[in-house]
Amino acid sequence: MSAVALTGTALTLPARYVSDLPLLAMKYSIRLRTILGTWPDDADFGLPWDRWIRDPKRLTAAIFASAVRAQLEAAPETVQVVSCAATQSGGAITLTASVIVRVAGQTGTLTVTTDPLVRVGAPSFLTVRGA
């Protein structure tokens, strides 16, 4: 019998157990996609997507990079945020970040990027990949 399991942002059939770096990529993706203040146990979990969408002109690349860096540093598995830089061109903000993480006694690197296709309003959702 087949089932569905989430791995990162893609569906995999048949279901499989997700652990280590792919699981962390999923956890960081959820953290960065969540609207700030809506996580039941932690009011500081997530990004203020709702405010950014309501008033996109107030959002700058520096504010966006700072908010993402704070979320990456707040995750318990983070060892170090190596880089987190954003640039703005017109209505598009592009961000790339690299994070060293530790899971199950092993160290790995996660890369966070924005979707380059979104051009107006708040930044697009972020893609988290492990290496």
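Keep in mind that what you see is a predicted model, and the values were worked out from it rather than measured. (Residues numbered from 1 in each chain as written. Predicted model: local features only at pLDDT ≥ 70, side-chain atom pairs only at ≥ 80, totals over all residues. Heavy atoms only, no water.)

J.: Would you explain the packing of aromatic side chains in this entry?
T.: We describe a pair of aromatic rings using the distance from one ring centre to the other and the angle between the two ring planes. Using the criterion set out here, one finds four aromatic pairs in the structure. Aromatic pair Trp49 and Trp52: ring centres 5.4 Å apart, planes at 80°, arrangement edge-to-face. With Trp49 and Trp52 both in helix H2 (residues 49-54), this residue pair falls three residues apart, about one helical turn. Residue classification places Trp49 among the buried residues on the basis of a relative accessible area of 4%. For Trp52, a relative accessible area of 7% puts it in the buried group. Plain terms: the ring middles of Trp52 and Phe64 are 5.4 Å apart, the flat faces sit at 75° to each other, and that makes the pair edge-to-face. On the criterion of sequence distance, the pair formed by Trp52 in helix H2 and Phe64 in helix H3 (residues 61-74) is long-range, its members being 12 residues apart. Ring-pair connections join several aromatic residues into one group, and the members of that group are Trp49, Trp52 and Phe64. (Phe/Tyr/Trp six-rings, centres within 6.5 Å; stacked < 30°, edge-to-face > 60°. Helix = DSSP H or I, 4+ residues; strand = E, 2+ residues; numbered from the N terminus. Buried < 20%, exposed > 50% of the residue type's maximum accessible area, 1.4 Å probe, protein only.)

J.: Please explain the environment of Ser29 as it appears in this structure.
T.: Locating Ser29 in the fold gives a position in helix H1 (residues 20-33). With 17 residues separating them along the chain, Ser29 and Gly46 place their C-alpha atoms 9.8 Å apart. Among the polar contacts listed, one links the side chain of Ser29 to the side chain of Arg33, at a separation of 3.0 Å. (Polar contact = N/O pair within 3.5 Å; in protein donor to acceptor, adjacent residues only side chain to side chain.)

J.: How should I be thinking about the sheet that holds strand E3 (residues 78-89) in this particular structure?
T.: Strand-to-strand pairing in sheets goes through backbone hydrogen bonds, with the strands running parallel or antiparallel. Sheet architecture is open: four strands sit in the order E3-E4-E5-E6, paired in antiparallel fashion. At either margin of the open sheet sits one strand with a lone partner, and together these are E3 and strand E6 (126-130). Averaged over all pairs of adjacent strands, the angle between their axes in this sheet comes to 15°, without regard to strand direction. Relative to strand E4 (residues 92-103), E3 runs antiparallel, the two being bridged by 10 bridges. Bridge assignment links Val81 to a residue of E4, and that residue is Val99. (Pairing = 2+ DSSP bridges. Axes fitted to C-alpha atoms, helices over the stretch in contact; angles between N-to-C directions.)

J.: Quick question: what am I supposed to make of the pattern of salt bridges here?
T.: Working definition: two side chains of opposite charge can pair if their charged atoms are close together. One pass over the full model with this rule turns up four salt bridges. Between Lys27 and Glu77 there is a salt bridge, with the nearest N and O atoms lying 2.7 Å from each other. Here Lys27, found in helix H1, pairs with Glu77, found in the loop between H3 and E3; they are 50 residues apart in sequence, far enough to count as distant. By relative accessible area, Lys27 is classed as partly exposed at 41%. (Salt bridge = Lys/Arg side-chain N within 4 Å of Asp/Glu carboxyl O.)

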